[in-house]
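# Observations on the three-dimensional arrangement
As a plain string of letters, each chain reads:
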Amino acid sequence: MPLLSLQGVCKSFGSLTVVDQLSMHLDEGEALGIIGPNGAGKTTIFNIITGDLQADAGSVAFDGAEVSGLAPHKRCRSGIGRTYQIPHPFAKMSVFENLLVGAVHGNGERERDAYGHCVDILERTHLTGKANAAAGSLTLLERKRLELARALATKPKMLLLDEIGGGLSEQECQDLIGTIKDIHAGGMSIIWIEHIVHALLSVAERLMVINFGCKLDDGDPQTVMANPDVRQVYMGISAE
Amino acid sequence: MEWVSTIIQGVLLGGLYALFATGLSLIFGVMRLVNIAHGDLIVLAAFVSLAVVSGLGLDPLMSLVIVIPVMAAFGYILQRGLLNYTLGNNILPPLLVTFGLSIILENVLLEIFSADSQRLLAGGLETASLALPGGLAVGTFPVMIFVSAVAVIACLQFMLYRTALGRVFRATSDDQQTAQLMGIDNRHVFALAMAVALAIVAVAGVFMAIRTNFDPSVGPARLIYAFEAVIIGGLGNPWGTLAGGVILGVSQAIGAKINPGWQILAGHIVFLVVLVVRPRGLFEKVQDL
């Protein structure tokens, strides 16, 4: 049974259909990449998975249980971790405190028990030197790392990464890819939305293409990228 | 020397105003809720204490042992059962609902306790005084109130910056949506914040009831003092709130010294001057909570 499974999910904002009868799944330990033009509904899919938005129709099952009706905080506790495209740190709290909040509430740990695990995550996300800095003072790369670290602090079974490479320099992006590869190598299931295709392909084992809220193709990354429809929709847009 | 005494009285009165204001400031900080019923909740705490004192024969200060948990529980239920439903992008519903709550509380208290003026008697504590060098004397009880205010604010600061509960208050204050993504149940957090605020209100209400006469209609005036202290001190800054309370108290004491009729007016004038000169308060918020 897949870790995550969406069946017939629909979402409209007024007369604009953003996600149309979408079904998809993620297997345990798998890294799935999602690409698609701007406005294709990629972030909306994440919002529906995390519960930030309610789907109009369809179901979301995670880890063997239906989660469609659950509030976002309960979905977090059930093991769904997410990073935002635009980092949302708790700006006035220190980096370490940001992680503690995730560990205590997302994973139900007592603060004292969470210290070791949070220190460990800071190490893995290369933020150790910034542990006591105010989150609001971080650079963009550090904020993106903090998004990742804070999501990991909730001990997720699945990570949703929303354009985590966006806005970074090539070198910074490579650094971050290294971190994500490490996390995936540790067994983490990942869904990653990204416009930077080469970054995505270096991690993803499967690629899904979304256009106008529908699945255009889904499968082995090389095969998908060779699909003429995908080339037309995706490369056409990106060449503009 | 008389002026020194006046200023000391004012500072000590400011401690009570800071206690009125701290809970108001906390819930605004955590959930952006402006609680118009705050003054009536202070009066409610005073009446709960009155009921405990007359029912169980406890000393008014001892009644805090019961009044604090009762008010905290009431706060949790009030937030979870009513006020959470008013929070959203629109600031009008919480204002209207707490305004309605204010009217309801006032009338329920009027129905139960009548409009008679009440006072809690603390066995001579209210008239006891301490002698200071230079022939000055200050009331023991006002000193106690001021020390309590400092202690309450210090505990609140410690809680906000050093405990898991404080971190969750600050995280929610900063970004509610992300807080939920971190597994935080906002409805529960808001209810806990209201419980903490009303525990502080319980202390303020009992002290007020020992210090002055009260009846069901005095809530709105306490609300005004609380607002003034918060705004003079700068929103979201607990020590600023203490300073705001002190400035308000000293202004009132000096006003009363000049002419007894000017006590309240002097406080309002100083508040208005601060509002004109430093609209964000004297100790502008360094940070949200």
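Note that this is a predicted model, so its numbers are computed, not measured.

Check the secondary structure of chain B and you find 11 helices and two strands. In terms of overall size, chain B behaves like a compact globule, its C-alpha atoms giving a radius of gyration of 19 Å where 289 residues would be expected to give roughly 19 Å. Expressed as lengths along the three principal axes of its C-alpha atoms, the size of chain B is roughly 60 × 45 × 35 Å. Expressed as a percentage of its 289 residues, the buried residues of chain B come to 51%.

Attention now goes to the packing of helix α5 (residues 140-162) of chain B against helix α10 (residues 238-258) of chain B. Residue and element names in this part refer to chain B. Remark: α5 packs on α10, axes separated minimally by 9 Å, with the N-to-C direction vectors making an angle of 160 degrees. With respect to their mutual orientation, α5 and α10 come out roughly antiparallel. In the packing of α5 onto α10, the handedness of the crossing is right-handed. Facing A149, V150, I153, L156 and Q157 of α5, the residues of α10 in contact are P238, W239 and L242. Class assignment for the residues of the contact of α5 with α10 results in seven nonpolar, one polar and no charged.

Moving on: the environment of I104 of chain B. Residues and elements named next belong to chain B. Looking at the element boundaries, I104 is found in helix α4 (residues 92-113). Judged by the 12 C-beta atoms lying within 10 Å of it, I104 falls in the exposed class. With 67 residues separating them in the primary sequence, I104 and A37 have C-alpha atoms 9.4 Å apart.

Turning our eyes to something else, we now look at the nonpolar core. Formed by 163 residues in total, the largest nonpolar core has its most connected members in A45, A193 and A202 of chain B. Two domains each put at least three residues into this core: domain 1 (1-79 + 158-240) and domain 2 (87-156) of chain A. When sequence neighbours within four positions are dropped, the list of residues in contact with A45 of chain B reads V67, M71, V201, A202, G205 and V206 of chain B.

Another aspect to go through is the pairing of strand β3 (residues 31-35) of chain A. Moving residue by residue along a regular strand, the side chains alternate between the two faces of the sheet. All names here are of chain A. With respect to burial, β3 is a largely interior element, five of its five residues being buried. Alternating positions in β3 separate into two faces, A31, G33 and I35 on one and L32 and I34 on the other, with burial throughout. Pairing of β3 with strand β8 (residues 189-193) involves four bridges; the strand directions are parallel. Residue pairing for β8: I34 is matched across the bridge by I193. Pairing analysis gives four bridges linking β3 to strand β9 (residues 206-211), with the strands arranged parallel. Counted as the bridge partner of L32 is R206 from β9.

Below, the discussion takes up the interface of chain B and chain A. Many structure descriptions define interface size as the accessible area lost when the parts assemble. Contacts between the two partners involve 17 residues from chain B, matched on the other side by 22 residues from chain A. Looking at the side of chain B that touches chain A, the elements that each hand over two or more residues are α6 (164-174) and α7 (176-181) of chain B. Considering every element that reaches the side of chain B that touches chain A, the biggest residue donor is α6 of chain B, with six residues. Residue composition of the side of chain B that touches chain A, grouped by class: six nonpolar, five polar and six charged.

With that settled, the discussion passes to the domain arrangement of chain A. All names here are of chain A. Taken as a whole, chain A is organised into domain 1 (1-79 + 158-240) and domain 2 (87-156). For domain 1 versus domain 2, the separation of C-alpha centres amounts to 23 Å. Across the contact, 12 residues belong to domain 1 and 13 residues belong to domain 2. When residues of the side of domain 1 that touches domain 2 are traced back to their parent elements, those giving at least two are α2 (72-77), β7 (158-162) and α6 (170-185). By residue number, the principal contributor to the side of domain 1 that touches domain 2 is α6, which donates four residues. For the side of domain 1 that touches domain 2, the class distribution of residues is six nonpolar, three polar and three charged.

About the cut-offs
Every chain is numbered independently, its residues counted from 1 as its sequence is written. Working convention: letters from A go to chains and numbers from 1 go to ligands, in the order in which they are written. Whole-chain, interface and lining totals are the exception, using all residues; otherwise, since this is a predicted model, local features are given only for residues with pLDDT of at least 70 and side-chain atom pairs are given and counted only at 80 or more. Secondary structure follows DSSP: runs of H or I at least 4 residues long count as helices, runs of E at least 2 residues long count as strands, and numbering of each begins at the N terminus. Here the radius of gyration uses the C-alpha set of atoms, whereas the globule reference equals 2.2 Å times the residue count to the power 0.38. In this scheme every C-beta is placed from the backbone, and a residue whose C-beta has 20 or more other C-beta atoms within 10 Å is buried, one with 12 or fewer is exposed, and one in between is partly exposed. Between the N-to-C directions of two axes lies an angle of 0 to 180 degrees, each axis being a line fitted to C-alpha atoms and, for a helix, fitted only over the stretch in contact. Oblique is the label for any angle not under 35 degrees, not over 145, and not in the 65 to 115 range, which are roughly parallel, roughly antiparallel and roughly perpendicular in turn. Left-handed describes a crossing whose near helix is turned anticlockwise from the far helix by less than a right angle; the clockwise case is right-handed. Contact between residues is assigned whenever the C-beta positions, reconstructed from backbone atoms, fall within 7 Å. Each residue gets one label: Ala, Val, Leu, Ile, Met, Phe, Trp, Tyr, Cys and Pro are nonpolar, Asp, Glu, Lys and Arg are charged, and the others, such as Gly, are polar. We define the nonpolar core as any set of buried residues of the types Ala, Val, Leu, Ile, Met, Phe, Trp, Tyr and Cys, connected via C-beta atoms lying within 7 Å of each other. Where each domain begins and ends follows an automated or database-derived domain assignment. Think of it this way: DSSP has to see at least two bridges between two strands before they count as a pair.

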